[in-house]
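# A look at the structure
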Amino acid sequence: MGAVKTKRMPRAVREQQMLDAAVETFGRRGYMAASMDEIAELAGVSKPLVYLYLNSKEDLFTACIRREAKALVAAVRTGVRTDLPADRQLWDGLLAFFAHTAEHPHAWSVLHLQARTHGEPFAAEVAAMREEIVAFVTQLIVVAAREAHRDPDLPEREVAGLAEALVGAAESLAAWANSADGTTARQAAATLMNFAWAGLGNLMNNRPWSPPEA
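In this report, we go over the structure that sits alongside the text. (Residues numbered from 1 in each chain as written. Predicted model: local features only at pLDDT ≥ 70, side-chain atom pairs only at ≥ 80, totals over all residues. Heavy atoms only, no water.)

### Quick look at the nonpolar core
What counts here: Buried Ala, Val, Leu, Ile, Met, Phe, Trp, Tyr and Cys residues that are joined via side-chain atoms within 4.5 Å together make up what is termed a nonpolar core. Throughout this description, buried means an accessible area under 20% of the type-specific maximum (1.4 Å probe, protein chains only), exposed means over 50%, and partly exposed covers the range between. Helical segments are the DSSP runs of H or I of at least four residues, strand segments are the runs of E of at least two, and each set is numbered from the N terminus. Residues are treated as being in contact if the distance between any of their heavy atoms lies within 4.5 Å.
With 60 residues, the main nonpolar core has Phe26, Leu60 and Phe98 as its most contacted residues. With nine residues, helix H7 (residues 122–149) is the single largest residue contributor to this core. Setting aside chain neighbours within four positions, we find Phe98 in contact with Ala170, Leu173, Ala174, Ala185, Ala188, Ala189 and Leu192.

### Re helix H1 (residues 11–29)
As a reminder, the rule being used: Expected helix span is computed as 1.5 Å times (number of residues minus one).
Over its 19 residues, H1 runs 26 Å from end to end, which matches the ideal 27 Å to within 8%, given 1.5 Å per residue. Where H1 is concerned, the buried positions are Arg14, Met18, Leu19, Ala21, Ala22, Val23, Thr25, Phe26 and Gly27. For H1, the elements touching its buried residues are helix H2 (36–43), helix H3 (47–54), helix H4 (57–79) and helix H6 (105–114). Once H1 finishes, Gly30 follows within two positions and takes phi at roughly 95 degrees, a positive value.

### Observations regarding the packing of aromatic side chains
Centre-to-centre distance and the angle between the planes together describe a pair of aromatic rings. Convention followed: Put simply, two rings from Phe, Tyr or Trp (the six-membered ring, in Trp's case) pair if the centres are within 6.5 Å, and we call them stacked under 30 degrees between planes, edge-to-face over 60, tilted for the rest. The criterion for a charge sitting over a ring is simple: Lys NZ or Arg CZ within 6 Å of the ring centre, and within 35 degrees of the ring normal.
Taken as a whole and judged by the stated rule, the model has seven aromatic pairs. Aromatic pair Tyr31 and Phe61: ring centres 4.6 Å apart, planes at 35 degrees, arrangement tilted. Here the residue Tyr31 occupies a position in the loop between H1 and H2, and Phe61 occupies one in helix H4, the gap between them amounting to 30 residues. Just as Tyr31 is buried, Phe61 falls in that class too. Joined through ring pairs, the aromatic side chains of Phe26, Tyr31, Phe61 and Phe122 make up one cluster. Lying over the aromatic face of Tyr53, Arg11 brings its terminal NZ or CZ to 4.2 Å of the ring centre.

Rendered as structure tokens:
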């Protein structure tokens, strides 16, 4: 008595329905405050069914992180056309990133806030996603340098540092944009593009800024 009645549907579809409810609940309430009862009710299923499909709260949270990380990486990769100039590739990648995080604020909260603050293995899942995005941005910078110099001489460490800085700035700006009313994905992308490309553009054209001598 009192059990939630569910319509018969394929397991994969039902599981995605549960993950949708879990992402919204974790993103809105946080990992510790979220309850399996609330997730089950939002998904329209019984709590035992959630446990049957996804084993535990920890496993459910991990499944959410993996799904949303994969979706974010795919959005950024799909958004970039490699046949376009370097500045357009970077713009399209940033726009895809900010559009996805704006359209999925609960997912971004899970990835950027919740997963990173509740220890291993959650933080490791997000770190793997971040490494993939940094590697992708690194390649964009390498291609830009090749276009500018034909025989690029940017040190590998410098390229890696630029990619880390750009991804870190994008993460922080996405968190701010999602909490600032009226800030669109296009505005956020333009803000970071104006901040980053002036420096990157000069670097690609062999006009780097140099610190003053000690």
